[in-house]
Amino acid sequence: MLRIANHHVSKITFSLLIFEFGISLGAVYLGAMVRMLDHSYPSFVGIEHFFFTAVTFALTVVFSLSALGMYQINFREGIRNTFLRLMPAFALALTIITMLFYVFPDLYLGRGVMGLVFVFSATGVLIGRVLFFKTSESGLLKSRIIFLGTGKLAQECHELALSNSAHHEYEIIGFVPLPNEDACVLPKYILPKVEGIVSLAEKHHADEIVVAVQNRRGAQFPIQELLDCKLNGVKVIDAAAFFEREACQIRVESLQPGWLVFGEGFNQSFSRKFSKQIFDLVVSAFLFVLTLPVMIFTASLIFLEDRGPIFYRQERVGKNGQTYMVLKFRSMGTSAEKANAPQWATTNDPRTTRVGSVIRKLRIDELPQIINVLKGEMSFVGPRPERSFFVEQLCKEVPFYNMRHSIKPGITGMAQVRYAYGASVEDALQKLQYDLYYVKNNSLFLDVLILLETVQVVLLGKGAR
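Residues numbered from 1 in each chain as written. Predicted model: local features only at pLDDT ≥ 70, side-chain atom pairs only at ≥ 80, totals over all residues. Heavy atoms only, no water.

Caption draft 1: Examining the packing of aromatic side chains more closely. For the structure shown, the criterion picks out nine aromatic pairs. Centre to centre, the rings of F147 and F175 are 5.2 Å apart; their planes meet at 20°, and the pair counts as stacked. Here F147, found in strand β3 (residues 143–148), pairs with F175, found in strand β4 (residues 170–176); they are 28 residues apart in sequence, far enough to count as distant. For F147, a relative accessible area of 0% corresponds to the buried category. Given a relative accessible area of 0%, F175 falls into the buried group. (Phe/Tyr/Trp six-rings, centres within 6.5 Å; stacked < 30°, edge-to-face > 60°. Helix = DSSP H or I, 4+ residues; strand = E, 2+ residues; numbered from the N terminus. Buried < 20%, exposed > 50% of the residue type's maximum accessible area, 1.4 Å probe, protein only.)

See the structure below:
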């Protein structure tokens, strides 16, 4: 995998994105060249003007493909399914590019040219993906991997490797057993310990060894053999790094204070804070203007349903434990928690009103938090803010929970797009592992990726809240 701004990106996904950007860029030039064969079509106003149009189109196509989940790759997807998935993506691209041409008419090249451009781009992307998937069948894109250990941790790593085929394809060679370790994997996957790890790696042409054992002390742990493997060009990583790379999670049970102090990441520099603040202001201001009609209509519906308050204000814990009042559209009845202790919000919550059930499903209830972002109380991307009552409880029961308060909370975040509603301490623990990953590796690049995943959740209903 590639590492961009501390975030792991699949080489396969990144290569496909760059390839399709180039295809779309070239489609603009090809469409214009074909159209110019008709002498009635005027020549270009200027190379610079045309280049900006080509780049704008290519970026729009890549954004639309990303927003509709086309880079969540299914290597076993056939031509027909690929074509059917590309159609709505290019329909979205057409909508966006039409709006851009309306706002910036100088970019427009004419209906005839743009029609050809869309045909060439869609055809090129479809052919490119078919060739790409055919290449994957040959095994050239697969990484061969050996797990050291046969216990529960090794089993979890194995399951993750098999389930994460949207970003990386692995060929599992097998598991190397260690003495006095309970086997949780099927015996047929266990490699016979008749030769050293170095010999096994060479024999099976392993690309990577994942150390998936809890106890790495004592003479039984083959530290010298692992060092020899690394010196021979075989990558060696531990289970914590494997989960961080593949699942974008930092496993709480594997955390040590020393790792937090001396490990990479946790960038809180001035440049990072400044770039994040600019990102928050630009995205929030744009979204506020874009969704203002929706918010006015929603406010009217909420008031008409039960004549109750339109907005819902509640104290939440923000950066450094400071509290603030979060602003949302009210989606529950006016007596949702009257005379009761605070309750976890759940999917299909019975306290939700008719309008509330719709706006929660469409995430419209979150839109007023844009005001919290503009006031500097929140970021657009970050850990979701929680109530003081639950924070006190979770800080006692979940290790390192308070670390998520080292940065501003967000309207959306990695845990929100990858995990469902949290309604228990166990759910909070699972979401914390995503939050810790974001706190450790937060960057402008990661913010953009999470924003794209959020668009995907809203448009397709994929992922979580």
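Here the narrative resumes.
Caption draft 2: View of empty space enclosed by the protein. Tallied over the full model, the rule gives one cavity of 30 Å³ or more. Considering only enclosed or pocket space, the largest cavity measures out at about 30 Å³ in volume. Lining of the largest cavity is provided by V317, G318, P383, R384, P385, R404, H405, I407 and P409. (1 Å grid on protein atoms, 1.4 Å probe; cavity = no way out; pocket = protein on both sides within 12 Å on 5 of 7 lines; lining within 4 Å. Points joined across faces, edges and corners; volume = space filled by probe spheres on them.)

Caption draft 3: The nonpolar core, seen in detail. Judged by nonpolar contacts, the single largest core of 42 residues is most densely connected at F329 and M414. Examining the composition of this core, we find that seven residues originate from one element, helix α15 (residues 425–441), more than from any other. Residue contacts for F329: discarding those within four places in its chain leaves M295, T298, A299, I302, I310, F311, Y312, I359, I364, D365 and P368. Counting residues in each nonpolar core, the second largest holds 31 residues, with V62, F90, L107 and L126 among its members. (Core = buried A, V, L, I, M, F, W, Y, C linked by side-chain atoms within 4.5 Å. Contact = heavy atoms within 4.5 Å.)

Caption draft 4: View of the side chain of E366. Here E366 shows up in the loop between α11 (354–361) and α12 (369–374). The class of E366 is buried, set by a relative accessible area of 9%. At 3.2 Å, the side chain of E366 forms a polar contact with the side chain of R384. (Polar contact = N/O pair within 3.5 Å; in protein donor to acceptor, adjacent residues only side chain to side chain.)

Caption draft 5: Structural view of helix α13 (residues 388–397). Among the residues of α13, those classed as buried are S388, F390, V391 and L394. The arc that holds every buried residue of α13, seen down its axis, measures 155°, which confines them to one face. Seen from the open side of α13, the exposed residues pointing more than 90 degrees away from its buried face are E392 and K396. In this structure, the buried side of α13 is in contact with β7 (311–317), β8 (323–329) and α15. (Arc of directions from axis to C-beta.)

Caption draft 6: Just the sheet that holds β3, in detail. Read across the open sheet, the four strands follow the order β4-β3-β5-β6; overall the sheet is parallel. Looking at strand neighbours, the two that pair on one side only are β4 and β6 (235–238), the edges of this open sheet. Pairs of neighbouring strands in the sheet enclose a mean axial angle of 25°, with direction left out of account. Bridge count between β3 and β4: six bridges; the pairing is parallel. Looking at β4, one finds that F147 is bridged to F175. Along the sheet, helix α5 (residues 152–163) contacts β3, β4 and β5 (208–211); its crossing angle with β4, the most-contacted strand, is approximately 170°. Running over the sheet, helix α8 (residues 239–247) touches β3, β4, β5 and β6 and is turned about 95° from β6. (Pairing = 2+ DSSP bridges. Axes fitted to C-alpha atoms, helices over the stretch in contact; angles between N-to-C directions.)

Caption draft 7: View of the packing of helix α10 (residues 270–306) against α11. Closest axis-to-axis distance for the α10/α11 pair is 9 Å, and the angle between their directions is 155°. When the axes of α10 and α11 are compared, the pair comes out roughly antiparallel. Along its contact with α10, which presents T298, L301, I302 and E305, the element α11 presents R354, V355 and I359. Here the residues of the contact of α10 with α11 sort into four nonpolar, one polar and two charged. (Parallel < 35°, antiparallel > 145°, perpendicular 65-115°, else oblique. Nonpolar A, V, L, I, M, F, W, Y, C, P; charged D, E, K, R; others polar.)

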